[in-house]
Protein chains: 2
Amino acid sequence: METYLELEPLTTSQCNNKLNAVGDALYVIGGKWKLRIIIALKEGHSRFNELQRTIPGISAKVLSQELKDLELNGFLERRVHADTPVVVEYLPTAYTATLKNVLEALSEWGEMHRQKLREEGNK
Amino acid sequence: METYLELEPLTTSQCNNKLNAVGDALYVIGGKWKLRIIIALKEGHSRFNELQRTIPGISAKVLSQELKDLELNGFLERRVHADTPVVVEYLPTAYTATLKNVLEALSEWGEMHRQKLREEGNK
DNA sequence: CAGTATCCTACCAGATACTG
DNA sequence: CAGTATCTGGTAGGATACTG
């Protein structure tokens, strides 16, 4: 028999820290595009227009802004080769590896939730 | 030596399924308030105004809408006691337990990320 | 208490055009 | 190619007031 979320009892301040941590995480990787971009980078897509083609529905403006955010948060490195024409590469950093557990947990849960919805649809 | 996200090689369609699953998950539990509300419910806060007091910054309108979403997605049960005055309780369902891994992963990652930002701030 | 209704605004993001 | 600039409609959500 488990309690619902089975977090150990916490003091209020410990609990708030946990909550804030979850909030921070969602702030950084939440939203419509962040994780999709991270995964696209990880798959080896590194050029701006390539990323835009890979990620359906994203506009240049939004992609540009999201890439800046991701760079600020240390998820990618923007590397400019000063050739003609100029070539810019976006490369995932080792820091993206730290998202492994988060991505796995979200992916698993998402699939399970999908399955549940499918079953309810069949009722 | 690990690849960055260490997902096993996938076919394109398998990969897209994973991606969609992550997207689904973020759609359902993403956003500013969803997880905070779920955790507040899990802590035993069950009344509307109590929840609003517990969750700093949320308005009645937004709380109302989010509670409806969460009910639709099976995370809570809305129980009305037809007394005078009327008492309404929002209770987490067993389904919230399935978020355990997600919450733990997000919480851990969020704390780690905070620590990293703190260190960078000290440079 | 448990919400709804209304107004209002700021931001989000799509479309399009443009630049070096 | 790798973006930025501008315009613009839609909407999320805050403030406030109100209802049964």
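Just above sits the structure.
Residues numbered from 1 in each chain as written. Chains lettered and ligands numbered in written order. Predicted model: local features only at pLDDT ≥ 70, side-chain atom pairs only at ≥ 80, totals over all residues. Heavy atoms only, no water.

Caption draft 1: Quick look at the pairing of strand 2 (residues 87-92) of chain B. Residue and element names in this part refer to chain B. In strand 2, alternate side chains face the same way, and those of V88, Y90 and P92 are buried while those of V87, E89 and L91 on the opposite face are not. Note: strand 1 (residues 76-81) against strand 2, six bridges, orientation antiparallel. Its bridge partner being in strand 2, R78 is matched across the sheet by Y90. The turn linking strand 1 back onto strand 2 is made up of five residues. (Buried < 20%, exposed > 50% of the residue type's maximum accessible area, 1.4 Å probe, protein only. Helix = DSSP H or I, 4+ residues; strand = E, 2+ residues; numbered from the N terminus. Pairing = 2+ DSSP bridges.)

Caption draft 2: Molecular detail of the relation of the copies chain A and chain B. The transform that puts chain A on chain B rotates by 179 degrees and translates by 0.0 Å along the axis, for an RMSD of 0.1 Å. Such a turn and shift between the copies fits a two-fold axis. Both copies contact each other with a shared surface, as 96% of the interface residues of chain A are interface residues in chain B too. (Least-squares fit on C-alpha atoms with pLDDT ≥ 70 in both. Contact = heavy atoms within 4.5 Å.)

Caption draft 3: Spotlight on the protein's contact with DNA strand C. Around DNA strand C, 15 residues are found, and the nearest of them are K61 of chain A together with R47, N49, R78 and Y90 of chain B. A share of 68% of the atoms of DNA strand C within 4 Å of the protein falls on sugar and phosphate groups. Interatomic distance of 2.3 Å between a side-chain N/O atom of R78 of chain B and a phosphate oxygen of DNA strand C. Within the contact set of DNA strand C, a phosphate oxygen lies 3.4 Å away from a backbone nitrogen or oxygen of V88 of chain B. Mapped by element, the contributors of at least two residues to the surface near DNA strand C are helix 4 (60-72) of chain A together with helix 3 (48-54), helix 4 (60-72) and strand 2 of chain B. Partitioning the surface near DNA strand C into residue classes produces five nonpolar, three polar and seven charged. (Near = heavy atom within 4 Å. Polar contact = N/O pair within 3.5 Å; in protein donor to acceptor, adjacent residues only side chain to side chain. Nonpolar A, V, L, I, M, F, W, Y, C, P; charged D, E, K, R; others polar.)

Caption draft 4: Here's a closer look at the environment of N49 of chain A. All names here are of chain A. Within the element layout of this structure, N49 appears in helix 3 (residues 48-54). Among the residues examined, N49 registers a relative accessible area of 48% and is labelled partly exposed. Between the C-alpha atom of N49 and that of E111, which follows or precedes it by 62 residues, the distance is 30 Å.

Caption draft 5: The pattern of salt bridges, seen in detail. All names here are of chain A. Scanning the model with the defined rule gives 12 salt bridges over all chains in all. R79 is paired through a salt bridge with E77; the nearest N and O atoms lie 3.0 Å apart. Judged by its relative accessible area of 36%, R79 is partly exposed. Here K100 and E104 are joined by a salt bridge, their closest N and O atoms 4.0 Å apart. Remark: E104 and K100 occur in helix 5 (residues 100-122); sequence separation between them is four residues, near one turn of the helix. A relative accessible area of 22% places K100 in the partly exposed class. Residue classification places E104 among the partly exposed residues on the basis of a relative accessible area of 29%. Within the structure, one salt-bridge network assembled from shared partners comprises K34, E66 and D69. (Salt bridge = Lys/Arg side-chain N within 4 Å of Asp/Glu carboxyl O.)

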